[in-house]
Amino acid sequence: MQEKENHVHYVRIDEDICNGCVLCMKACPTKAIRVLDDGVAHILGCCIECGNCIRACPKGAITSLTAGKDALKMSKHHIVPVSPVLYAQFGEDVMPNDILLSMRKAFDFVYDQSYTQELFNVATGLYIREHRNQNDGHWPVISPMCPVVNRLIAFRFPSLLKHILPFATPLEIVCREGKKWLSKKYGCQPEDIKVFPVTACPAKMTALSETLPDELSRIDGAIGINEIYDLIKSDIHEVQEPDEHIVLNYLSGVGIGWAMSGGEVAGLDAVRSLAVSGMKTTIRYLHAIEMGLLKDVDYVELRACREGCVGGAFAVTDKYAAKHSLNKLIRMFGSEKRVNFSYAQKLYREGWFNTTRNPTPLSDSASRLSIPEAIKREEDLEKLLKTLPRKECGVCGCPDCRTFAEDVIDGRTSVDKCIFMQP
Amino acid sequence: MKKEYEIKARDFVRAGKAAIGVQNILKSIGFEQDIIRRVSICAYESEMNVVMHGADGSLLLGVENKEIVLEVRDSGEGIEDIELALKEGYSTASEEHRDMGFGAGMGLPNMKKHSNVFEISSQKGNGTYLRMVFWVNGNRE
């Protein structure tokens, strides 16, 4: 496997707004942020686009680049796949259909993902049963859905890359199939159809634009829910003409549930599964999987955001209020899958779900040392750490004493930056 | 390099921290995934043994170019019949431990399987000492 470096990331810190407090640096799970001598925070290490810094910043100085709704004007035909998180943003009395119809006024082709999500559920079940029976594969299988988790695995748990279900995600499938389908309808090339998902996730942009060699499965830009919130909100109470469009009619409780932790595995039949959400807990479970502790589990749904995608950094409504609305919708739409099992099975046999994604480990600088050099570095680190105060204050511009020691050893900062070590 | 972790008996909340610490250090040095996996499985199993059966103890990680060594000691009740304890499926775990998902009798056999050298010494009433060696690159040179 090749290691990739210099990957693009989309989280940006506005230097004019940042006052150099340490909150984003402390919140970063990969310790990628430093406050440098210029008094502002910088992303220097491996960013997995989790959005923790965006949430932590009291000044609103941190954003994630999205295409924004203006990008749509540049393309003639576009598909806008909608994350079910959107349905929970306008209170419990606003129905998904109202939201989708309102969006169809502004956007070309709005697509609810329930149908693809149900197909994906069936295929996941088939994959697991087939591979358990043949006693091959790596257990448990990890859901490929959360782009932040995928990056976290690539960066800190590369041995688990082979656990990730080798399927295209429902969004990737919507991209691929939607482009083919609409290009036929409009008589243009599939590449001329652009895909802009509406999402609560700051990582959608990166995850789908850089890791897929398959051009058709890529998104062209993400639109944050916060960016179109007002547009829909102002429009939503007008009377809507019902639309005969099938995707609007396909909405299902199973698909809506995917917005919350546990929603994906809820649609898996007869599979021993676990749903875990939140960065800290996710990391703990990845350690456990690496130590072989969860071999009896078939499938693990991991979501970096607490409570799942409803906790995404671009969501407007708080996750707990959103869950209330979603649970009401699930009761209303029912929790049975309506997709045709034989059809899903046929697609599975044809390899329709297979991904062209080839996950590669991400690395930062330290791992380029030889083993003897790295052991020596670790010894020096331990020695230096023993002399540090372990107050974990962050005044030195590093998130904690251990990271500070690493930066000193690697020559990125000097010991006198620690206020306790000054003469 | 050497690094020592304290293990508190019956502290189920912090249990696993030593194994994760070992795992992180080995990753940071950049060993092969397979040896990291084997060492961390053994670190976890032995840590849990101390937490469940031992009085307080310690786990010592030693890293050299050619080998990784884990030494685990505790001052617990010790093992009466080591040969029996090494048999797969043999377990003295209590009902409580089984309820927590442990006690399948795979702990020591698992450690033996995943390490290149496995030494155990124990006397009833005098604690247990475990030493496991893992050869970097698979064989001893």
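Residues numbered from 1 in each chain as written. Chains lettered and ligands numbered in written order. Predicted model: local features only at pLDDT ≥ 70, side-chain atom pairs only at ≥ 80, totals over all residues. Heavy atoms only, no water.

Student: What is the right way to look at the overall build of chain B in this model?
Tutor: Helix and strand counts for chain B come out as five helices and five strands. Seen in sequence order, chain B has helices and strands lined up from the N terminus as β-α-α-β-β-α-α-α-β-β. Taken over 141 residues, chain B has a buried fraction of 50%. Contacts in chain B between residues at least 24 apart in sequence constitute 64% of all its contacts with a sequence separation of at least 6. Per element, the accessible surface of chain B, about 7,000 Å² overall, is 45% carbon and sulfur. (Helix = DSSP H or I, 4+ residues; strand = E, 2+ residues; numbered from the N terminus. Buried < 20%, exposed > 50% of the residue type's maximum accessible area, 1.4 Å probe, protein only. Contact = heavy atoms within 4.5 Å. Areas by Shrake-Rupley, 256 points an atom, 1.4 Å probe, with all protein chains shown as cover.)

Student: Help me out: how do you make sense of the packing of helix H4 (residues 96–106) of chain A against helix H9 (residues 225–235) of chain A in this one?
Tutor: Pairs of packed helices are described in terms of their axes, by the angle between the two and the distance that separates them. Residues and elements named next belong to chain A. Between H4 and H9, whose axes approach to 9 Å, the crossing angle comes to 110 degrees. Between H4 and H9, the angle falls in the class roughly perpendicular. By crossing handedness, the relation of H4 to H9 is classed as right-handed. Across the interface between the two elements, Ile99, Ser102, Met103, Lys105 and Ala106 from H4 touch Ile228, Leu231, Ile232 and Asp235 from H9. Taken together, the residues of the contact of H4 with H9 sort by class into six nonpolar, one polar and two charged. (Axes fitted to C-alpha atoms, helices over the stretch in contact; angles between N-to-C directions. Parallel < 35°, antiparallel > 145°, perpendicular 65-115°, else oblique. Left-handed = near helix turned anticlockwise from the far one by under 90°. Nonpolar A, V, L, I, M, F, W, Y, C, P; charged D, E, K, R; others polar.)

Student: Which parts of the structure should I look at to understand the state of the cysteines?
Tutor: In a disulfide, the sulfur atoms of two cysteines are covalently bonded to one another. All names here are of chain A. Taken as a whole and judged by the stated rule, the model has zero disulfides over all chains. No disulfide involves cysteine 188; its sulfur sits 15 Å from the nearest other cysteine sulfur, which is in cysteine 175. The thiol of cysteine 305 is not disulfide-bonded; the next cysteine sulfur, from cysteine 201, is found 6.4 Å away. What makes cysteine 305 buried here is its relative accessible area of 12%. (Disulfide = S-S within 2.5 Å.)

Student: I'm lost on the packing of aromatic side chains in this one. Help?
Tutor: What characterises a pair of aromatic rings is the spacing of the ring centres plus the angle enclosed by the ring planes. All names here are of chain A. Applying the stated criterion across every chain, the model contains nine aromatic pairs over all chains. Judged by centre distance (5.2 Å) and plane angle (85 degrees), the rings of tryptophan 352 and phenylalanine 353 are edge-to-face. As far as the burial class goes, tryptophan 352 and phenylalanine 353 line up, both buried. Sitting over the ring of tryptophan 139, arginine 132 keeps its end group 3.9 Å from the ring centre. The cationic tip of arginine 176 hangs over the ring face of tryptophan 352; the distance from NZ or CZ to the ring centre is 5.4 Å. (Phe/Tyr/Trp six-rings, centres within 6.5 Å; stacked < 30°, edge-to-face > 60°. Lys NZ or Arg CZ within 6 Å of the ring centre and 35° of its normal.)

Student: Any chance you could explain the side chain of asparagine 121 of chain A here in plain terms?
Tutor: If you trace the backbone, asparagine 121 of chain A turns up in helix H5 (residues 114–133). Residue contacts for asparagine 121 of chain A: discarding those within four places in its chain leaves Val254, Trp258, Glu264, Gly267, Leu268 and Lys337 of chain A.

Student: What's the story with the sheet that holds strand S12 (residues 299–303) of chain A in this structure? I'm lost.
Tutor: Adjacent strands of a sheet pair through backbone hydrogen bonds, lying either parallel or antiparallel. Residue and element names in this part refer to chain A. Ordered by their spatial adjacency, three strands build an open sheet running S7-S12-S11, and the pairing between neighbours is parallel. If you trace the sheet from one side to the other, it starts and ends with strand S7 (141–142) and strand S11 (273–277), each paired once. As defined by bridge partners, S7 adjoins S12 across two bridges and the pair is classed as parallel. Directly across from isoleucine 142, in S12, lies its bridge partner valine 300. (Pairing = 2+ DSSP bridges.)

Student: Can you walk me through the environment of alanine 43 of chain B in this structure?
Tutor: All names here are of chain B. Mapped onto the secondary structure, alanine 43 falls in helix H2 (residues 33–53). Assessed through its relative accessible area of 0%, alanine 43 is described here as buried. Distance in space between the C-alpha atoms of alanine 43 and leucine 59 is 7.9 Å, their sequence separation being 16 residues. Leaving out residues up to four positions away in the same chain, alanine 43 has contacts with Ala19, Val22, Leu59 and Leu70.

Student: What am I meant to see in the confidence of the model for chain B here?
Tutor: Interpreting fine coordinate detail is not advised for predicted regions of low pLDDT. Residue and element names in this part refer to chain B. A residue-level look at chain B finds 89% of positions with pLDDT of 70 or above and a mean pLDDT of 85. When pLDDT is averaged over each element of chain B, strand S2 (residues 57–63) comes out on top at 95 and helix H4 (residues 95–99) at the bottom at 68. For this predicted complex, the interface score ipTM comes out at 0.80, while the overall pTM is 0.88. (pLDDT = per-residue confidence, 0-100.)

Student: Looking at this structure, I do not really get the domain arrangement of chain A. What am I missing?
Tutor: The accessible area lost on association of the parts is a frequent measure of interface size. By the assigned domains, chain A splits into domain 1 (1–65), domain 2 (69–349) and domain 3 (366–423). Domain 2 of chain A and domain 3 of chain A are separated by 41 Å when their C-alpha centres are compared. (Domains from an automatic or database assignment.)

Student: Sorry if this is basic, but what is going on with the sheet that holds strand S1 (residues 2–7) of chain B here?
Tutor: All names here are of chain B. Taking strand neighbours across the sheet as the criterion, the five strands line up as S1-S2-S3-S5-S4 in an open arrangement whose pairing is antiparallel. Two strands in the sheet have a free side with no partner beyond their single neighbour: S1 and strand S4 (117–122). Across the sheet, the axes of successive neighbouring strands diverge by a mean angle of 10 degrees, strand direction being ignored. As paired strands, S2 and strand S3 (residues 67–74) are joined by seven bridges and run antiparallel to one another. Bridging across to S3, leucine 61 finds its partner in leucine 70. Across the sheet, helix H1 (residues 17–29) is in contact with S1, S2 and S3; its angle to S2 comes to roughly 10 degrees.

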